[in-house]
Amino acid sequence: MTTALDQLASYRHLQARLESGWPAFTSRRHERLAQADRLGHAAEKVAENILEDLFTGPLDWSLADVNYQVDYADLLLTRLGIKHLLVEVKRPGTLAWNRRAVDVALMQAAGYARRQAVAAIAVSDGHMLYAADVTGAGLHDRAFVGLDLPAPHPDLWWLSVDGIYRSRHDLTGGPGLLPRPEAEPATPFTPADGLLLDHKYHLPAACFAYVGDSARPASWHLPYRLADGSVDARRLPKAIEAILSNYRGGHVSSIPEAAIGDVLVCLARAAHELGRMPGQAPEPAPAYLALARALDQLGRLREVD
């Protein structure tokens, strides 16, 4: 079906550019994220590099338009010296698909944008990208796309050199494009919510202590949270035991050794939420004692509180 946008030459040219440039962007993105596969985590700089590849590759910004660390803004896109899009960047995997984390990042970005009089903001972790216009009434949706998709989302046009100038009138507000906050009443996530779910546990990636690739549920291991984002007190000690001893006679072999420290910190923070760690509980369970000892050995116990 033909839309008003289809009548714009700039829109048609950008869609053709997206189609031709997406395979190279996808390949380069996988290379940049190899660090996460190798070490279990990747620095924020990796996500910044992915966004630079996106804006100057499939999208049509020049490298000279990309500015870093401008008055606390991680990334700022300018054209002829005018600021058009401010981007708050987070470490890969920390936003997808965590609405709570996205909301915090949006608050930061909106604050920076108002100080610099920038009309549009975005947040991204190299896996997802959400953009909005900053208005007097708050934020108005501009685009919400996955960067790990096999084909480019047409809404990326709204972040192009020609699209960034235009306001979206086909959307009624925002940020309605985003998944619901995890803190909302506890109803199980379903595919209708727009979230990818693990086939066995029917949980999103944010509920697992280790996520190898947010687009591949088979790489998600050790569920420890419920669908509403709260800690699963039943599964948490089992996840700890699976790493530090064994659970049902099995040992974890699917998590890279380099990622174990981050996973243990993640589980310990959850235990801290429940008040189960040594120093909180009068008689901590063996799993939590072993967890504290392991983190002490790794020099990471201070990261828990």
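Keep in mind the model is a prediction, meaning the values are calculated, not measured.

Draft legend 1. Summary view of the side chain of Q15. Relative to the helices and strands, Q15 resides in helix α1 (residues 9-32). With sequence-adjacent residues up to four places away left out, Q15 is seen in contact with P154 and W157.

Draft legend 2. Layout of the pattern of salt bridges. Under the defined criterion, the tally for this structure stands at 14 salt bridges. Across the pair E48 and K45 runs a salt bridge whose closest N-O atoms are separated by 3.7 Å. Of this pair, E48 and K45 both sit in helix α3 (residues 44-56), separated by three residues, roughly a single helical turn. Under the relative-accessibility criterion, E48 is labelled buried at 7%. For R142, the salt bridge identified is with D133, shortest N-O distance 2.8 Å. A single burial state applies to R142 and to D133, both of which are buried. A single salt-bridge network, built from bridges that share partners, covers R28, R32 and D53.

Draft legend 3. Expanded view of the packing of α1 against α3. With their axes 9 Å apart at the nearest point, α1 and α3 run at an angle of 165° to one another. Viewed along their axes, α1 and α3 adopt a mutual orientation that is roughly antiparallel. For the pair α1 and α3, the crossing hand works out as right-handed. Packed against α1, whose contacting residues are R17, W22, F25, R28, R29 and R32, the element α3 presents V46, N49, I50, D53, L54 and T56 at the interface. Counted by class, the contact of α1 with α3 contains five nonpolar, two polar and five charged residues.

Draft legend 4. Region of the structure containing the side chain of S219. Examined against the element boundaries, S219 turns out to sit in the loop between β7 (208-211) and β8 (220-223). Residue class for S219 comes out buried when judged on its relative accessible area of 6%. The residues touching S219, leaving out its near neighbours within four places in the chain, are Y210, V211, G212 and D213.

Draft legend 5. Spatial organisation of unusual backbone geometry. In the Ramachandran plot, H202 falls in the positive-phi region, its phi being about 60° despite a non-glycine side chain. Tracing the backbone shows H202 in the loop between β6 (138-146) and β7. Positive phi, close to 65°, is recorded for L222, a residue that is not glycine. Residue class for L222 comes out buried when judged on its relative accessible area of 11%.

Draft legend 6. How the structure looks around the pairing of strand β3 (residues 82-89). Of all eight residues that make up β3, six are buried, and the element is covered over most of its length. Where strand β2 (residues 73-79) meets β3, five bridges bridge the pair, whose relative direction is antiparallel. The partner of L76 across the bridge, within β3, is L86. Hairpin connection from β2 to β3: two residues lie between these consecutive antiparallel strands, with L80 at a positive phi of about 55°. Of the strand pairs in this sheet, β3 and strand β4 (residues 120-124) are connected by five bridges, and their pairing is parallel. Looking at the pairing, E88 lines up with V123 of β4. Note that the unit made of β3, helix α4 (residues 99-116) and β4 has a crossover that is right-handed.

Draft legend 7. Here's a closer look at the packing of aromatic side chains. Per the counting criterion, the structure on display carries seven aromatic pairs. Measuring from ring centre to ring centre gives 5.5 Å for Y11 and W157, while their planes differ by 70°; the resulting arrangement is edge-to-face. Highlighted residues: Y11 in helix α1 and W157 in the loop between β6 and β7, separated in sequence by 146 residues. There is no split in this pair, since Y11 and W157 are both buried. With a centroid separation of 6.0 Å and an interplanar angle of 65°, the aromatic rings of Y201 and F208 are classed as edge-to-face. One aromatic cluster is present, formed by Y11, W157 and W158 through successive ring pairs. Stacked on the ring of Y68, the Lys or Arg K45 has its end atom at 4.6 Å from the ring centre.

Draft legend 8. Structural context of the packing of helix α6 (residues 260-274) against helix α7 (residues 286-297). For the pair α6 and α7, interaxial distance at closest approach is 10 Å and the crossing angle is 135°. Compared by their axis directions, α6 and α7 come out oblique. Helix-helix and strand crossings are classified by hand; for α6 and α7 the assignment is left-handed. Residue-level contacts link G261, L264, V265, L267, A268 and A271 of α6 to Y288, L291, A294 and L295 of α7. Here the contact of α6 with α7 is composed, by residue class, of nine nonpolar, one polar and no charged.

Draft legend 9. Just the nonpolar core, in detail. Residues L51, F55, L59, L85, L129, L147 and L159 are the most contacted members of the largest nonpolar core, which totals 35 residues. The set of elements that each furnish at least two residues to this core consists of α1, α3, β2, β3, β4 and β5 (128-135). Ranked by the residues each element gives to this core, the list is headed by α3, at six residues. Sequence-distant contacts of L85, that is, excluding residues within four places in its chain, are made with F55, L75, L76, L77, V118, A120, I121, A122, L159 and I164. With 28 residues, the next largest nonpolar core counts L222, L236, A242 and A292 among its residues.

Thresholds applied
- All residue numbers refer to positions counted from 1 along the written sequence of the respective chain.
- Two thresholds apply to this predicted model, a pLDDT of at least 70 for residue-level local features and 80 or more for giving and counting side-chain atom pairs, whereas whole-chain, interface and lining totals are computed over all residues.
- Here the side-chain values reflect all heavy atoms present in the structure, with hydrogen atoms and water set aside.
- Runs of H or I in DSSP of at least four residues are treated as helices and runs of E of at least two as strands, each being numbered from the N terminus.
- Whether two residues are in contact is decided by their heavy atoms, any of which lying within 4.5 Å being enough.
- Here a salt bridge means any side-chain nitrogen of Lys or Arg lying within 4 Å of a carboxyl oxygen belonging to Asp or Glu.
- Accessible area is worked out with a 1.4 Å probe on protein chains only. A residue is then buried under 20% of its type maximum, exposed over 50%, and partly exposed in between.
- Axis angles are defined between N-to-C directions and span 0 to 180 degrees, where every axis is a line fitted to C-alpha atoms and, for a helix, only to the segment in contact.
- By definition in this entry, angles of less than 35 degrees are roughly parallel, angles greater than 145 are roughly antiparallel, angles of 65 to 115 are roughly perpendicular, and the rest are oblique.
- Each crossing is labelled by how the near helix is turned from the far one, with a counterclockwise turn of less than a right angle marking it left-handed and a clockwise turn marking it right-handed.
- Each residue receives one of three labels: charged for Asp, Glu, Lys and Arg, nonpolar for Ala, Val, Leu, Ile, Met, Phe, Trp, Tyr, Cys and Pro, and polar for the others, Gly being one of them.
- DSSP-based pairing: two strands are paired if at least 2 bridges between them are found.
- By convention a crossover is right-handed if, when the strands point away from the viewer, the path from the first strand over the helix to the second runs clockwise.
- The rule is short: rings of Phe, Tyr and Trp, with Trp giving its six-membered ring, pair when the centres are within 6.5 Å, and they are stacked under 30 degrees, edge-to-face over 60, tilted in between.
- The criterion is that NZ of a Lys, or CZ of an Arg, lies within 6 Å of the ring centre and within 35 degrees of the ring normal, and then a charge sits over that ring.
- Nine residue types can take part in a nonpolar core, namely buried Ala, Val, Leu, Ile, Met, Phe, Trp, Tyr and Cys, and a core is a set of them joined through side-chain atoms within 4.5 Å.

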